[in-house]
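Architecture and fold: a report
Spelled out from the first residue to the last, the chains are:
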Amino acid sequence: MSRGQTEVPGLLIALTSLLLLMAAAGKDCWRQGAKDQLTSVALSSRCRGLWGECVHDSMVGLRTCDVSVSYMENLPAALLAMRVAVVGMCVVSVLSILVMIPGLRCTTLIPSLLAQGRLLQISGALCLCGGVCGATGLLWYGVDTYARYKQEVTLGMPGITFEFGLSYWLMVGSMLCSLTSAALAVRSASDISDAIGVRRTLTRSRPEHTNPATSLQPTSDYKTYI
């Protein structure tokens, strides 16, 4: 792929990653009530988010939410890790997009090719950090959710069991898009480095041509008379 074929898709994928992350945070349904034989409440759906928990009653069409009023209370480590991952990934995604835009070839904000390559490298590093941050939070939260579900199913605990909600899968897509954008940005920066190296090699190997008009020594116009 050429440089132009990796820069613009990288930016579009980075924007997609940010939109998916915003949708996941706005939906705030990271765990939802599992539809199995252990669920005793079949007429309502429950979503457990990072900042609260909501219940939707299908009989009367009423939705009630219980939001935590204090952020200093004792919370599970998986929940805190997921909060940090969401906030950190959102901030890093915005920064990576702002850094990537001036590094595109189709923009004229920075005329230097070398500076554009460095900006793409920084943007790729930021996307990589965001993807790793999101993957860490997803893994921690996912292991905790799966362990709780298996424990409740194995012991046959009555009540509501939770499985992965829509926000969890949206963030998985956001994390994958962030890592893909990082790879494309690094590829574009590598192409820029190769182009600069080839240009320098051609400049050094080009022979110096002298002007024939200036290389000839002027002859004397004086004549000797006897």
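See the structure printed just above.
Notes on the structure follow. (Residues numbered from 1 in each chain as written. Predicted model: local features only at pLDDT ≥ 70, side-chain atom pairs only at ≥ 80, totals over all residues. Heavy atoms only, no water.)

**Description of the sheet that holds strand 5 (residues 162–164)**
The antiparallel open sheet is built from 5 strands, whose spatial order is 4-3-2-1-5. The strands lining the two open edges of the sheet, one partner per strand, are strand 4 (62–67) and strand 5. Sheet twist, expressed as the mean angle between neighbouring strand axes with direction ignored, is 25 degrees. Pairing of strand 2 (residues 44–48) with strand 3 (residues 52–57), which is carried by 5 bridges, proceeds in the antiparallel orientation. Bridging from a neighbouring strand, Arg 48 pairs with Glu 53 of strand 3. Here helix 3 (residues 113–155) sits on the sheet and contacts strand 1 (31–33), strand 2 and strand 5; the angle it forms with strand 5, its principal contact strand, is near 145 degrees. (Pairing = 2+ DSSP bridges. Helix = DSSP H or I, 4+ residues; strand = E, 2+ residues; numbered from the N terminus. Axes fitted to C-alpha atoms, helices over the stretch in contact; angles between N-to-C directions. Contact = heavy atoms within 4.5 Å.)

**Details of the packing of aromatic side chains**
Taken as a whole, this structure holds 4 aromatic pairs when the rule is applied. Taking the centre distance of 5.5 Å and the plane angle of 90 degrees together, the rings of Tyr 168 and Trp 169 count as edge-to-face. Following the ring pairs from residue to residue traces out a cluster consisting of Tyr 141, Phe 164, Tyr 168 and Trp 169. Seen from the ring of Tyr 141, Arg 31 lies directly overhead, with NZ or CZ sitting 4.5 Å from the centre. Of note, Arg 48 hangs over the ring of Phe 162, and the distance from its end group to the ring centre comes to 4.1 Å. (Phe/Tyr/Trp six-rings, centres within 6.5 Å; stacked < 30°, edge-to-face > 60°. Lys NZ or Arg CZ within 6 Å of the ring centre and 35° of its normal.)

**Focus: unusual backbone geometry**
With phi around 50 degrees, Asp 28 is a residue other than glycine that occupies positive phi space. Mapped onto the secondary structure, Asp 28 falls in the loop between helix 1 (3–27) and strand 1. Judged by relative accessible area, Asp 28 falls into the buried class, the value being 18%. (Buried < 20%, exposed > 50% of the residue type's maximum accessible area, 1.4 Å probe, protein only.)

**Regarding the state of the cysteines**
Tallying each qualifying case throughout the model produces 2 disulfides. Between Cys 29 and Cys 47 runs a disulfide, and the two sulfur atoms are separated by 2.2 Å. Across the S-S bond of Cys 29 and Cys 47 the torsion is about -70 degrees, and the bridge reads as left-handed. In this pair, Cys 29 sits in the loop between helix 1 and strand 1 while Cys 47 sits in strand 2, placing the two residues 18 residues apart along the sequence. Disulfide pairing is shown between Cys 54 and Cys 65; the S-S distance is 2.0 Å. Between Cys 54 and Cys 65 the sulfur-sulfur dihedral comes to about 110 degrees; the bridge is accordingly right-handed. Here the residue Cys 54 occupies a position in strand 3, and Cys 65 occupies one in strand 4, the gap between them amounting to 11 residues. On the basis of relative accessibility, which here comes to 15%, the residue Cys 54 falls in the buried class. Shown here for the protein is a disulfide pattern of 1-2, 3-4, where each number marks a bonded cysteine counted in sequence order. (Disulfide = S-S within 2.5 Å.)

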